[in-house]
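Each chain, written out:
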Amino acid sequence: MAEIKIENVVASTSIADELDLNAIVLAVPNSEYEPEQFPGLVLRMKDPKTAALLFRSGKVVCTGAKSIDFVGVAIDNVRKTLEAAGFGGIYVDPKIVVQNIVATSDLKAELNLNAVAIGLGLDRVEYEPEQFPGLVYRLSDPKVVVLIFGSGKLVCTGARKPEDASRAVDKIAAELGSLGLLIGK
């Protein structure tokens with residue numbers, strides 16, 4: 001299994017039937033609500049360092065967590081914060097759905113991205129070095145997008161489980177190895 005580092009987990013849930021965002025921004029510290037700018041209330045938390053976007057519908061999007069476990073802790077903190085501020089109707093055990101995991105990895109090898117683009121197949125690759133220094137590689141299994149850089153560093157996005165990001169990195173390393181494109185390994 002490839003060594004990956006989770007940089008961000010984005011997850012959503014529903015914590016109530018309805019939330020009064022105007023009342024919450026007045027009662028809860030570290031919250032921001034500017035409906036003319038964005039329809040959600042932003043609640044920043046320190047431990048774990050995350051931001052929760054709360055919407056009038058009761059839906060919550062949590063971002064910034066470094067693990068799926070931290071998402072659960074963050075959502076629980078939102079729930080407890082609202083209850084402590086006197087808001088009722090908060091669900092006790094909301095179902096959390098991971099929307100996206102962003103992870104990084106390092107192949108520990110220099111890559112010739114022109115050769116990588118040709119080797120991986122131009123149908124699944126976007127590479128325009130004048131526009132962006134990385135190569136965009138779209139995998140179908142697992143269904144993720146990986147940014148590949150000449151330094152051998154990778155950024156994987158679109159995974160819903162850490163195992164998917166790890167599998168994508170393993171698959172890319174195997175493909176590049178079989179094509180003889182991992183320089184310095």
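Look above for the structure.
The following paragraphs examine the structure supplied in this document. Source: prediction; values computed, not measured.

Reading the values: the criteria
- Residues numbered from 1 in each chain as written.
- Predicted model: local features only at pLDDT ≥ 70, side-chain atom pairs only at ≥ 80, totals over all residues.
- Heavy atoms only, no water.
- Helix = DSSP H or I, 4+ residues; strand = E, 2+ residues; numbered from the N terminus.
- Rg over C-alpha atoms; globule rule 2.2 N^0.38 Å.
- Contact = heavy atoms within 4.5 Å.
- Areas by Shrake-Rupley, 256 points an atom, 1.4 Å probe, with all protein chains shown as cover.
- 1 Å grid on protein atoms, 1.4 Å probe; cavity = no way out; pocket = protein on both sides within 12 Å on 5 of 7 lines; lining within 4 Å.
- Points joined across faces, edges and corners; volume = space filled by probe spheres on them.
- Expected span 1.5 Å × (residues − 1).
- Buried < 20%, exposed > 50% of the residue type's maximum accessible area, 1.4 Å probe, protein only.
- Arc of directions from axis to C-beta.
- Polar contact = N/O pair within 3.5 Å; in protein donor to acceptor, adjacent residues only side chain to side chain.
- Pairing = 2+ DSSP bridges.

So, on to the overall build of the protein chain. Check the secondary structure of the protein chain and you find 4 helices and 10 strands. At 20 Å, the protein chain has a C-alpha radius of gyration far larger than the 16 Å of a compact globule built from 185 residues. Along the three orthogonal principal directions, the C-alpha set of the protein chain runs to about 60 × 35 × 25 Å. The contacts of the protein chain with a sequence gap of at least 6 include a subset with a gap of at least 24, amounting to 61%. Roughly 10000 Å² of accessible area belongs to the protein chain as shown, and the carbon and sulfur atoms make up 54% of that amount.

Our next topic: the layout of surface pockets. One number sums up the size of the largest pocket: a volume of about 220 Å³. Surrounding the largest pocket, 13 residues form its lining, Glu3, Ser105, Asp106, Leu107 and Lys108 being those nearest its centre.

Taking 1.5 Å of rise per residue, 17 residues should cover 24 Å, and helix α2 (residues 68-84) covers 24 Å from first to last C-alpha, within 8% of that figure. All of the buried residues along α2 are Val71, Ala74, Ile75, Val78, Arg79 and Leu82. Viewed end-on, α2 has its buried residues packed into an arc of 140°, placing them on one side of the element. For α2, the exposed residues set more than 90 degrees away from the buried face come down to Asp69 and Ala84. For α2, the elements touching its buried residues are β1 (5-14), α1 (21-27), β3 (41-45), β4 (50-54) and β5 (59-65). For α2, the N-terminal cap is Ser67; the gap from its side-chain oxygen to the backbone nitrogen of Asp69 is 3.4 Å. Of the residues one or two after α2, Gly86 is the one with positive phi, at around 95°.

Compared with the 24 Å implied by 1.5 Å per residue over 17 residues, the 24 Å span of helix α4 (residues 162-178) between its first and last C-alpha is a close match. Those residues of α4 lying buried are Asp164, Ala165, Ser166, Ala168, Val169, Ile172 and Leu176. Elements in contact with the buried residues of α4: β6 (97-106), α3 (113-120), β8 (135-140), β9 (143-148) and β10 (153-159). Remark: Gly180 follows α4 within two positions and exhibits a positive phi of approximately 70°.

The next point concerns the pairing of β1. The pairing of β1 with β6 spans 7 bridges and is antiparallel. Among the inter-strand pairings, Val9 is bridged to a residue of β6, identified as Ile101. Here 5 bridges tie β1 to β5, and the two strands are oriented antiparallel to one another. From the neighbouring strand, Val9 faces β5, where its bridge partner is Ala65.

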